[in-house]
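Residue-level structural notes
The residues making up each chain are set out below.
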Protein chains: 2
Amino acid sequence: VSVRVAIQGERGAFSHQAALALVGPDAAVVFTPSFDALFEALAGGAAERALVPIENSLHGSIHENYDRLKQGAAHVVGEHVLPVRQCLIVRPGTGLADVGRVASHPVALAQCRRFFATHPGIEAVVAADTAGSVRLLMAGELPADAAIASALAAREYGASVLQAGVEDDPRSFTRFLLLAREPLVESGADKTSLVLTLPDRPGALHRALGVFASRGIDLSKIESRPLPGRPFEYAFYLDVIGDPRGACGEALAELRGLASELRVLGSYRAAREQPPGPAA
Amino acid sequence: VSVRVAIQGERGAFSHQAALALVGPDAAVVFTPSFDALFEALAGGAAERALVPIENSLHGSIHENYDRLKQGAAHVVGEHVLPVRQCLIVRPGTGLADVGRVASHPVALAQCRRFFATHPGIEAVVAADTAGSVRLLMAGELPADAAIASALAAREYGASVLQAGVEDDPRSFTRFLLLAREPLVESGADKTSLVLTLPDRPGALHRALGVFASRGIDLSKIESRPLPGRPFEYAFYLDVIGDPRGACGEALAELRGLASELRVLGSYRAAREQPPGPAA
């Protein structure tokens, strides 16, 4: 029986592409309309796994998903780093000269400014999302001649990729976390994600990072999170590199003594395609 | 003569609201269609100041604007923290019972999920942006009966706020940076923003933060930035609290010796309404 993986978005979304890459082509993907619905699908048993975007190289960390993870109902068991390759997608037979209007989600359109600047005769039209634009295009219900979306969206709906890589920044990526209801530390886990709150004292972060530095342990991410409404509390996101049962586990135990609050979101095997991170 | 401030967006945008709050009601606001156009307006002399969003409490840091700042053509001279208060906006005389469709930018619609969940008879419709939806509503060109945007947008276009605070999270805010062509350190500057690259060595970050911890200096932000395509280099964003001419300046001088690269984006007076940050 194949594992059911919940994603936010519809058939052909970048999340769908990430799910196929991470879980394999036999993954039974459960499509949900919102992140809340995604977490509910996992908690309620409609799926055994869920895949959420957690950061993007242009738009930063997705705090709202960190917030949902902090609540503790889901555990990180894997990750995937997906290059965001936007494609200009048309009905089969349409050529570039036939394209007057291109529809997509505003964030995708904003990632393709150079394409529109170099094609001044082509107008950008806002749509609710990327893959959905391709679906509507093929159904004859899109007020445009083309859409911008993933190559997978073209494949899923029988459309054609007229031009691949129309995004301005070819190094753009989105990092996804794979979630399960229970913590599940695979052998080979070499990365741990945690959220941490420190007392409001100068030097508190320096002391906290000392537990890693003294053991030669690297971080692949550190980020402070403003907590509006809680003026004397501060949260940090950390990704720590190393086997959680070794020196890294000792460092986390020591860190518990320094932190006001510490939640391990999960330990998992780092993605092979990895955005580089900082040294601790 | 009033200072000209470039913003990204149109009349009534949240950036417009932030510009009026920061520079005063006499600010001559220059509206630009994209962040690239915004930076060009500043560099080319169409405006003396520019105001860019740099982070949002739900959606994280806006890396693309950090990237533009890193290029060094603009200097941070101020900041503003704007609570994001979304309003349901109608033509004067329209009541809630008359509202069947509500249009806005997809990000704004996503911030108001609870409103739509509790009003199942009301349909969300995607539009290119928030304030522009109000303009189209008043021009009779919006395929909806209401828009979601700032209260300022309602005022600018002569529309009515039917319900204020329709966003799910009332503590949501966006932080803006005020930019000038030249560095301009006001007396009273007590915050410095910098971007920093460290050598790939365990403990490098711990050592770097030591220059602040040893002087009792607080950080209000720290964030690591993956640098795809540059596998052994790492960037950090730091906001440091303190007079840049005092101990904070000494710490930065010491930090220059540890960093592969260090760019001071600017020193400025911290916003009074401040999202709390971490202790160094």
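Residue indices follow the written sequence of each chain, beginning from 1 at its first position. Whichever chain is written first is A, and whichever ligand is written first is 1; the rest continue in order. Totals for whole chains, interfaces and linings use every residue, but because this is a predicted model, local features are given only for residues with pLDDT of at least 70 and side-chain atom pairs only at 80 or more, for both listing and counting. In computing side-chain values, all of the structure's heavy atoms are included and hydrogens and water are not.

Time to look at the overall build of chain A. In this text, helices come from DSSP runs of H or I with a minimum length of four residues, and strands from runs of E with a minimum of two, each type numbered from the N-terminal end. Scanning chain A for helices and strands turns up nine helices and 15 strands. Each radius of gyration reported is based on C-alpha atoms, and the globular scaling rule is 2.2 Å times the count of residues to the power 0.38. Against the 2.2 N^0.38 benchmark of 19 Å for 280 residues, chain A shows a C-alpha radius of gyration of 21 Å, consistent with a compact globule. In chain A, which comprises 280 residues, the share counted as buried stands at 56%. Residue contacts follow a heavy-atom distance rule, with two residues in contact if any of their heavy atoms lie within 4.5 Å. Counting contacts in chain A only where the partners sit at least 6 residues apart, residues at least 24 apart contribute 75% of the total. Reported accessibility uses the Shrake-Rupley method at a 1.4 Å probe radius. Residues are deemed covered only where the shown protein chains occlude them. Here chain A has roughly 10900 Å² of accessible surface; of this, 52% comes from carbon and sulfur atoms. As used throughout, the charge tally considers Lys and Arg to be positive and Asp and Glu to be negative, leaving His and the chain termini uncounted. Where a charge lies is defined by one atom per residue type, namely NZ (Lys), CZ (Arg), CG (Asp) and CD (Glu). Side chains of chain A carry 27 positive and 31 negative charges; the gap between the two charge centres is 2 Å. Only protein chains enter the area calculation, which uses a 1.4 Å probe; residues under 20% of their type maximum are buried, those over 50% are exposed, and those in between are partly exposed.

All names here are of chain A. Each salt bridge in this description consists of a side-chain nitrogen of Lys or Arg and a carboxyl oxygen of Asp or Glu lying within 4 Å of one another. With the rule as written, the count across this model stands at 38 salt bridges over all chains. Taking the shortest distance from any N to any O, the salt bridge between Lys-70 and Asp-67 comes out at 3.9 Å. In this pair, Lys-70 and Asp-67 are both assigned in helix α3 (residues 63-70), three residues apart and thus about one turn of the helix distant. The partly exposed category is assigned to Lys-70, whose relative accessible area is 23%. The class for Asp-67 is partly exposed, based on a relative accessible area of 23%.

When the sulfur atoms of two cysteines come within 2.5 Å, that pair is taken as a disulfide. Applying the stated rule across the entire model yields zero disulfides over all chains. Unpaired in this structure, B:Cys87 has its nearest cysteine sulfur neighbour in B:Cys112, at a distance of 9.4 Å.

Below, the discussion takes up the sheet that holds strand β9 (residues 146-149) of chain A. All names here are of chain A. Pairing between two strands requires that DSSP report at least two bridges joining them. Read from one edge to the other, the open sheet built from five strands follows the order β8-β7-β9-β6-β10, with strand pairing classed as mixed. Pairing within the sheet leaves two strands with one partner each, and these edge strands are β8 (123-126) and β10 (160-164). Strand-to-strand twist of the sheet, defined as the mean angle between neighbouring strand axes without regard to direction, takes the value 35°. Pairing of strand β6 (residues 87-90) with β9, which is carried by four bridges, proceeds in the antiparallel orientation. Paired with Ile-89 across the two strands is Ala-147, which belongs to β9. Those strands touched by helix α6 (residues 130-138) are β6, β7 (101-104) and β9, and its axis lies near 150° from that of β9. To obtain an axis, a line is fitted to C-alpha atoms, over the contacting stretch when the element is a helix, and the angle between two such axes runs from 0 to 180 degrees between their N-to-C directions.

Quick look at α3(A) now. Residue and element names in this part refer to chain A. A large share of α3 lies buried, amounting to six of its eight residues. Taken together, the buried positions of α3 are occupied by His-63, Glu-64, Asn-65, Tyr-66, Arg-68 and Leu-69. Of the residues one or two after α3, Gly-72 is the one with positive phi, at around 90°.

Turning to its location among the elements, A:Leu109 is positioned in helix α4 (residues 106-110). Leaving out residues up to four positions away in the same chain, A:Leu109 has contacts with A:Val102, A:Ser104, A:Phe116, A:Ala124, A:Val125, A:Val126 and A:Ile148.

What follows is about the packing of aromatic side chains. In this analysis, rings of Phe, Tyr and Trp, with Trp reduced to its six-membered ring, are considered paired at centre separations within 6.5 Å, and the interplanar angle assigns stacked below 30 degrees, edge-to-face beyond 60, and tilted for intermediate values. For the structure shown, the criterion picks out four aromatic pairs over all chains. Judged by centre distance (5.4 Å) and plane angle (85°), the rings of A:Phe115 and A:Phe116 are edge-to-face. We note that A:Phe115, like A:Phe116, is buried. Aromatic pair B:Tyr66 and B:Tyr237: ring centres 3.5 Å apart, planes at 5°, arrangement stacked.

Another aspect to go through is the side chain of A:Asn56. By the element assignment, A:Asn56 lies in strand β3 (residues 49-56). Definition of a polar contact: a pair of N or O atoms within 3.5 Å, with one able to donate and the other able to accept a hydrogen when the atoms are protein atoms, and with sequence-neighbouring residues admitted only if both atoms are side-chain atoms. Only 2.9 Å separates the side chain of A:Asn56 from the side chain of A:Thr174, close enough to count as a polar contact. Those residues in contact with A:Asn56 that sit more than four places away from it in its chain are A:Val84, A:Phe173, A:Thr174 and B:His63.

What follows covers the sheet that holds strand β10 (residues 160-164) of chain B. Residue and element names in this part refer to chain B. In space, the five strands of this open sheet follow the order β8-β7-β9-β6-β10, with mixed pairing throughout. On the outer flanks of this sheet lie β8 (123-126) and β10, each paired with one strand and no other. Ignoring which end each strand starts from, the neighbouring axes of this sheet average 35° apart. Docked against the sheet, helix α6 (residues 130-138) engages β6 (87-90), β7 (101-104) and β9 (146-149), running at close to 150° with respect to β9.

Moving on, we come to the pairing of strand β2 (residues 28-32) of chain A. On a regular strand, each side chain points to the face opposite its neighbour's, so the side chains alternate between the two faces of the sheet. All names here are of chain A. Both strand β1 (residues 4-8) and β2 contribute to a ladder of five bridges, which runs parallel. Across the sheet, residue Ile-7 finds its bridge partner in β2, namely Phe-31. Regarding topology, helix α1 (residues 14-23) serves as the crossover connection from β1 to the parallel β2, and that connection is right-handed. Look down the strands so they point away from you; if going from the first strand over the helix to the second traces a clockwise path, that crossover is right-handed.

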